Number of protein chains: 2
Amino acid sequence: MKNNVISGVKCTDCPIQHRAVCSRCDHAELMLLESMKKYRSFKAGEAIFWRGDDLTYVASVIEGVATLEKTMEDGRTQMVGLLLPSDFIGHPGRTRIDFDVTAASDVVLCCFDRAPFDQLLKDVPHISQRMIELAMDELDAARDWMLLLGRKTAGEKIATFVEMVVRRQHFDRKDGMRPDLVLPLSRGDIANYLGLTVETVSRQIGKLKSDGILEFIDKRRFRVIDLERLQQATGDDDDGGVIV
Amino acid sequence: MKNNVISGVKCTDCPIQHRAVCSRCDHAELMLLESMKKYRSFKAGEAIFWRGDDLTYVASVIEGVATLEKTMEDGRTQMVGLLLPSDFIGHPGRTRIDFDVTAASDVVLCCFDRAPFDQLLKDVPHISQRMIELAMDELDAARDWMLLLGRKTAGEKIATFVEMVVRRQHFDRKDGMRPDLVLPLSRGDIANYLGLTVETVSRQIGKLKSDGILEFIDKRRFRVIDLERLQQATGDDDDGGVIV
DNA sequence: CCGACCGTTTGATGTAGGTCAAGTTTTTGA
DNA sequence: TCAAAAACTTGACCTACATCAAACGGTCGG
């Protein structure tokens, strides 16, 4: 999310993926990736990888939302990662994963077979560099998430989640209008993200609504009425954070 | 913690640090590190880095325990990292940190000034490789920790923590005797690790004692009476996990 | 050797959020 | 187009853990 340098290069077909893999690639390397890529689609709810699977390919999310989840023997589950478009699956040196990867909505991935991709990483150091940056961003995110899970109240958790969604979707139209924002997850998935139950999520979203902080078009689509109060409700230090 | 390949090389002075930085370094590179290192000591409770600090040096923990903590404006804090001997502070490409690093006990660090260390990483690819492995291990640990914070009960949290301590300290004496194990953190720090309060930690440790799972020599030193039941109490899938 | 202090334990009580149980709305699919 | 299923909301109740309060060692400085 940081260092979001977008080069002036025009990507031929799937710009997002290349931005994710490498924010400063020149045309030659783009072509190299182009020739390797292969799309895969998953329907909502479908498994992308199971815990323990070999990662036969790495992938960039093009469309939709995928989740990383851990499950206890008795069925309790906790989301431990959320993949939105431009996010990447597959880490340096990791060929197995210890969590399930699931499509939370219909998902399109841009995939690269492991072996040639690993070779590419060896040959093109700055792509490898970019992969490490992505992994470090994930570690930072995981730590914020731990604070949320360990110490925040239900209200703060919801506010933090919504604020994160707003931040990731924040963009201004040319005409100055703000488009409606959309929650990328179902109530159940949000609960799973925040370590809560569906009922609590529902109630707390209701509270944001009745407090006049959010306004809902339908269950998924909403608008922010009072951004300042939303941010206050997160409980975070408001040192801003760069908008991406 | 994984890939714990210890080379046959005899380290001259501080073996642990070299194992942490590089598990397969040969003598020449060892000497290179030797010439760069510089010890720093911290007393229990002392700050090692503050949130927002520039990392002027990276470091390997030689003795003692350090913690990474996040704090909310109102003072609530959550531990987001625990550094035991052989753990490393400083990540590829990260020169600032977004959490406080504190000495939980008296700590000795083996430090390397940032600039020359970064140069070393450029020159010696497999040390850089090792750094990435360490970071990936941390990410894996963070995800297990998230499951713990989000979904485990107080009892499961404590059991998981104790089991982790047992695993990290597990080693057999030549005479076959098991040495006493020692909790590396105070009750307060354990609470902070697990997203609980001191009182709850105290009560749950008391429960492990009265259930005949643990036996205490004093508040810190203990022995495991029933490892199997301890592991069951963690709620984790018992697919073992390699002992380090 | 003693008193202040800190870390810990223990008990009594309060409450945020979980659980259980209906409803209601939205989506699906035939 | 309509019925069945899934997703979401709402309410009543319950419990695990937090909070508040007090007491109990250890340890450290004088």
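Now for a quick tour of the structure. (Residues numbered from 1 in each chain as written. Chains lettered and ligands numbered in written order. Predicted model: local features only at pLDDT ≥ 70, side-chain atom pairs only at ≥ 80, totals over all residues. Heavy atoms only, no water.)

**Some words on the relation of the copies chain A and chain B**
Then step 1. Expressed as a screw operation, the relation of chain A to chain B combines 0.0 Å of axial shift with a rotation of 180°, fitting to an RMSD of 0.0 Å. Here the two chains are linked by the operation of a two-fold rotation axis. (Least-squares fit on C-alpha atoms with pLDDT ≥ 70 in both.)

**Digging into the protein's contact with DNA strand C**
Then step 1. In the region of DNA strand C, 15 residues are neighbours, and Ala154 and Thr200 of chain A together with Arg187, Ser202 and Arg203 of chain B sit closest.
Then step 2. Sugar plus phosphate: this is where 65% of the atoms of DNA strand C within 4 Å of the protein reside.
Then step 3. Between arginine 203 of chain B and DNA strand C, the recorded distance is 2.9 Å, taken from a side-chain N or O atom to a base nitrogen.
Then step 4. Partitioning the surface near DNA strand C into residue classes produces two nonpolar, seven polar and six charged. (Near = heavy atom within 4 Å. Polar contact = N/O pair within 3.5 Å; in protein donor to acceptor, adjacent residues only side chain to side chain. Nonpolar A, V, L, I, M, F, W, Y, C, P; charged D, E, K, R; others polar.)

**Here we look at the packing of aromatic side chains**
Then step 1. Scanning all chains against the criterion turns up twelve aromatic pairs over all chains.
Then step 2. Grouped by ring-pair contacts, the aromatic residues Phe88, Phe112 and Phe117 of chain A constitute a single cluster.
Then step 3. The ring of phenylalanine 216 of chain A has lysine 209 of chain A lying over it, and the distance from NZ or CZ to the ring centre is 5.3 Å.
Then step 4. A cation over a ring is seen here: arginine 40 of chain B above tyrosine 57 of chain B, with NZ or CZ 3.9 Å from the ring centre. (Phe/Tyr/Trp six-rings, centres within 6.5 Å; stacked < 30°, edge-to-face > 60°. Lys NZ or Arg CZ within 6 Å of the ring centre and 35° of its normal.)

**Considering the packing of helix α5 (residues 154-169) of chain B against helix α6 (residues 187-194) of chain B**
Residues and elements named next belong to chain B.
Then step 1. It is at 10 Å that the axes of α5 and α6 come closest, and there the two elements cross at 110°. In terms of their interaxial angle, α5 and α6 are classed as roughly perpendicular. Pair α5 / α6 crosses with right-handed handedness. For the pair α5 and α6, the contacting residues are Lys157, Ile158, Phe161 and Met164 in the first and Ile190, Tyr193 and Leu194 in the second.
Then step 2. Partitioned by chemical class, the residues of the contact of α5 with α6 number six nonpolar, no polar and one charged. (Axes fitted to C-alpha atoms, helices over the stretch in contact; angles between N-to-C directions. Helix = DSSP H or I, 4+ residues; strand = E, 2+ residues; numbered from the N terminus. Parallel < 35°, antiparallel > 145°, perpendicular 65-115°, else oblique. Left-handed = near helix turned anticlockwise from the far one by under 90°. Contact = heavy atoms within 4.5 Å.)

**Points about the packing of helix α3 (residues 114-123) of chain B against helix α4 (residues 125-151) of chain B**
Residues and elements named next belong to chain B.
Then step 1. The contact between α3 and α4 brings their axes to 5 Å, and the two run at 110°. Relative to α4, the element α3 lies roughly perpendicular. Counted together, Phe117, Leu120, Leu121 and Asp123 of α3 and Pro125, Ile127, Ser128 and Met131 of α4 form the full contact between these two elements.
Then step 2. Here the contact of α3 with α4 is built from residues that sort into six nonpolar, one polar and one charged.

**Thoughts on the protein's contact with DNA strand D**
Then step 1. Not every one of the 15 residues close to DNA strand D is listed here, only the nearest: Arg187, Ser202 and Arg203 of chain A together with Ala154 and Thr200 of chain B.
Then step 2. Counted by atom, the contact set of DNA strand D within 4 Å of the protein is 65% sugar and phosphate.
Then step 3. Serine 202 of chain A places a side-chain nitrogen or oxygen 2.8 Å from a phosphate oxygen of DNA strand D.
Then step 4. For the surface near DNA strand D, a count of residues per class yields two nonpolar, seven polar and six charged.

**Digging into the interface of chain A and chain B**
Then step 1. Residue-level contacts link 45 residues of chain A with 45 residues of chain B.
Then step 2. Looking only at chain A, the three residues that lose the most surface to chain B are Arg143, Met146 and Arg151 of chain A, adding up to 21% of its buried area.
Then step 3. Taking the shortest distance from any N to any O, the salt bridge between aspartate 140 of chain A and arginine 94 of chain B comes out at 2.9 Å.
Then step 4. Those elements giving two or more residues to the side of chain A that touches chain B turn out to be β4 (66-71), β5 (77-83), α4 (125-151) and α6 (187-194) of chain A.
Then step 5. Counting residues per element, the side of chain A that touches chain B draws most heavily on α4 of chain A, at 17 residues.
Then step 6. Of the residues contributing to the side of chain A that touches chain B, the split by class is 17 nonpolar, ten polar and 18 charged. (Buried area = accessible area lost by both parts, 1.4 Å probe. Salt bridge = Lys/Arg side-chain N within 4 Å of Asp/Glu carboxyl O.)

**Considerations on the pattern of salt bridges**
Then step 1. Scanning all chains against the criterion turns up 40 salt bridges over all chains.
Then step 2. Across the salt bridge formed by arginine 51 of chain B and aspartate 98 of chain B, the nearest N and O atoms sit 3.0 Å from each other. With arginine 51 of chain B in the loop between β2 (47-49) and β3 (57-63) and aspartate 98 of chain B in the loop between β6 (88-89) and β7 (100-103), this residue pair connects regions lying 47 residues apart in the sequence.
Then step 3. Aspartate 180 of chain B serves as the salt-bridge partner of arginine 221 of chain B, at 3.3 Å between the closest nitrogen and oxygen. Placement of arginine 221 of chain B in strand β11 (residues 221-224) and of aspartate 180 of chain B in the loop between α5 and β9 (181-182) is noted, with a sequence separation of 41 residues between them.
Then step 4. A residue is classified by how much of its surface remains accessible, and arginine 221 of chain B, at 36% relative accessible area, is partly exposed.
Then step 5. Because the salt bridges share partners, they merge into one network encompassing Arg51, Lys70 and Asp98 of chain A together with Asp144 and Asp237 of chain B. (Buried < 20%, exposed > 50% of the residue type's maximum accessible area, 1.4 Å probe, protein only.)

**Remarks on empty space enclosed by the protein**
Residues and elements named next belong to chain B.
Then step 1. As enumerated under the stated definition, the model contains one cavity of 30 Å³ or more in all.
Then step 2. Of the voids in this model, the largest cavity is the one considered here, and its volume is about 40 Å³.
Then step 3. With four residues, the top contributor of residues to the lining of the largest cavity is α3. (1 Å grid on protein atoms, 1.4 Å probe; cavity = no way out; pocket = protein on both sides within 12 Å on 5 of 7 lines; lining within 4 Å. Points joined across faces, edges and corners; volume = space filled by probe spheres on them.)

**A word on the sheet that holds β9 of chain B**
Residue and element names in this part refer to chain B.
Then step 1. Here we have three strands laid out as an open sheet, ordered β9-β11-β10, and antiparallel in their pairing. At either margin of the open sheet sits one strand with a lone partner, and together these are β9 and β10 (214-216).
Then step 2. Where β9 and β11 come together, two bridges link them in antiparallel fashion. Bridge pairing in β11 places leucine 181 opposite phenylalanine 222. (Pairing = 2+ DSSP bridges.)

This is a description of form; function is not addressed.
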